[in-house]
Amino acid sequence: MSVTSENPRAVISSAPPSRRQIQSWQDAEHNAAAWMRHWGFSDAQAKPGGADGGIDVRSRRALGQVKYQAAAVGRPELQNLFGARGRDMEKQLFFFTGSSYAATAVEYADNNSIALFVYALDGAMTPVNETARRTGAAPAPLTPPRHYLPLVSVAPTTMATPAQQPPAPRTPSERTVPRWARIIPGLVLAGVAFAIPRESTVVPWPNANLMTIGLLVIPLILFIWGLAAKNQRTFLLTGAGLVLTDVALARLMNRHLWDSTASWIFIAVVLGIATLLTGLSIRGRTRATAPVMAAD
């Protein structure tokens, strides 16, 4: 007898579906839906829409395509099924045919976890690849109908306290590094800030005290940065830029060098390099923190 309808609310049995004669593509689709319900996809239902309606069997957790043809199934048919799933990658894919599969089709199915089956004219199913054999041997957990509230027996469990839970491993960018990598250059530059204005060859501008205060700005930045930072990502470029800026500032506040053209060229070059290093550091940090867009 030809099968033209089905009852998706029927009680799921561990026994295989009863044999049914496959006399049309509608019979083949309903037969495939019955087998999918047997394998645990309890809401699987055939959606007849023509001799080849694309997705022929639908479930909340699986999609199936059924071919009622004599020709062997090739790779393009499986690629169409894989594409029809879209972004819902959690759904299991099934392909059913009454003929056979080309070698390229089996290879593609194995690489993409598509279960391949061949149905007989009496409705029996034969798995073709390993994914299909696993599906037939270990049915998926049954999904209760939407209108039922499943009764679940909950065993008492012991919640782990925070003290019992091991700390999560830190990624390389989160591991704490010695803070002295920033503090030591700050201390060195601070010593230079106190020493340079009092050199005999230096004419401080506007005076020694203000020159010292000006030269202490960058060491103070490095010192505070060293106390607050937890990693040294992008530190080398930024740190080098700050040190060069401090060198240029020291020469700029030495009135003795104002009349030297070479000194002004040196200051301009150093400031240019410092700006370049800082820009590269900011660019690298921006790339590291930018979100990655998934390709469609």
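Parameters at a glance
- Residues numbered from 1 in each chain as written.
- Predicted model: local features only at pLDDT ≥ 70, side-chain atom pairs only at ≥ 80, totals over all residues.
- Heavy atoms only, no water.
- Pairing = 2+ DSSP bridges.
- Helix = DSSP H or I, 4+ residues; strand = E, 2+ residues; numbered from the N terminus.
- Contact = heavy atoms within 4.5 Å.
- Axes fitted to C-alpha atoms, helices over the stretch in contact; angles between N-to-C directions.
- Phe/Tyr/Trp six-rings, centres within 6.5 Å; stacked < 30°, edge-to-face > 60°.
- Buried < 20%, exposed > 50% of the residue type's maximum accessible area, 1.4 Å probe, protein only.
- pLDDT = per-residue confidence, 0-100.
- Patch = residues over 30% accessible without salt bridge, like charges linked within 9 Å, V, L, I, M, F, W, Y side chains within 5 Å.
- Areas by Shrake-Rupley, 256 points an atom, 1.4 Å probe, with all protein chains shown as cover.
- Salt bridge = Lys/Arg side-chain N within 4 Å of Asp/Glu carboxyl O.
- Right-handed = clockwise from strand over helix to strand, strands pointing away.
- Parallel < 35°, antiparallel > 145°, perpendicular 65-115°, else oblique.
- Nonpolar A, V, L, I, M, F, W, Y, C, P; charged D, E, K, R; others polar.
- Expected span 1.5 Å × (residues − 1).
- Arc of directions from axis to C-beta.

### Details of the sheet that holds strand β6 (residues 125-127)
Pairing within the open sheet is mixed, and its six strands lie in the order β1-β2-β3-β4-β5-β6. Each of the sheet's edge strands pairs with one partner strand only, and the pair in question is β1 (45-46) and β6. The pairing of strand β3 (residues 62-67) with strand β4 (residues 92-97) spans six bridges and is classified as parallel. When the bridges of β4 are listed, A62 appears paired with Q92. Across the sheet, helix α2 (residues 75-84) touches β3, β4 and β5 (114-119), and the angle it forms with β4 is around 145°.

### A short note on the packing of aromatic side chains
How two aromatic rings sit relative to each other is given by the distance of their centres and the angle of their planes. Summed over the entire model, instances satisfying the criterion amount to ten aromatic pairs. Between F95 and Y101, the aromatic rings sit 6.0 Å apart at their centres with planes inclined by 70°, giving edge-to-face as the arrangement. Taking the relative accessible area as the measure of exposure, F95 reaches 0% and is therefore buried. Within the aromatic cluster, the residues linked to one another by ring pairs are W35, W39, F41, F94, F96 and F117.

### Describing the confidence of the model for the protein chain
Per-residue pLDDT for the protein chain averages 74, and the proportion of residues at 70 or more is 69%. Throughout residues 8-12 the model reports pLDDT below 50, and contacts reaching past four residues in sequence, or to other chains, amount to eight contacts. This model gives residues 288-296 a pLDDT under 50, and the stretch forms three contacts once residues within four places in sequence are excluded.

### Things to note about a nonpolar patch on the surface
A cluster of nonpolar residues, W205, L252, W258 and W264, forms a patch on the protein surface that exposes about 380 Å² of accessible area. Among the secondary structure elements, W205 is positioned in the loop between α5 (180-195) and α6 (208-215).

### So, the pairing of β4
The buried fraction of β4 amounts to five of the six residues, a majority that puts the element mostly inside the structure. For the handedness criterion, the β-α-β arrangement of β3, α2 and β4 is classed as right-handed. Regarding topology, helix α3 (residues 103-111) serves as the crossover connection from β4 to the parallel β5, and that connection is right-handed.

### Looking at the packing of α2 against α3
Running from amino to carboxyl end, α2 crosses α3 at an angle of 25°, the nearest separation of the two axes being 8 Å. By the criterion of interaxial angle, the relationship of α2 to α3 is roughly parallel. In contact with R75, L78, Q79 and F82 of α2, α3 contributes T104, A105, Y108 and A109. Broken down by class, the residue content of the contact of α2 with α3 amounts to five nonpolar, two polar and one charged.

### Section: helix α1 (residues 25-38)
The end-to-end C-alpha distance of α1, which contains 14 residues, comes to 20 Å, matching closely the 20 Å that a straight helix rising 1.5 Å per residue would cover. Among the 14 residues of α1, twelve are classified as buried, and the element is accordingly described as predominantly covered. Turning to α1, its buried residues number three or more, namely D27, A28, E29, H30, N31, A32, A33, A34, W35, M36, R37 and H38. Buried positions along α1 lie against β1, β2 (57-58), β3, β4, β5 and β6. The first or second residue beyond α1 is G40, which carries a positive phi of 115°.

### Considerations on the environment of A208
When you line up the elements, A208 lands in helix α6. Its relative accessible area of 23% is what places A208 among the partly exposed residues. Taking the C-alpha atoms as reference points, A208 and R198, separated by ten residues in sequence, lie 6.9 Å from one another.

### Examining α3
Among the residues making up α3, those that are buried are A105, Y108 and A109. End-on, the buried residues of α3 take up no more than an arc of 100°, which puts them together on one face. Summarising the geometry of α3, the exposed residues directed more than 90 degrees from the buried face are A103 and N111. Taken together, the buried residues of α3 touch α2 and β5. Downstream of α3 by one or two residues, S113 has phi in the positive range, about 55°.

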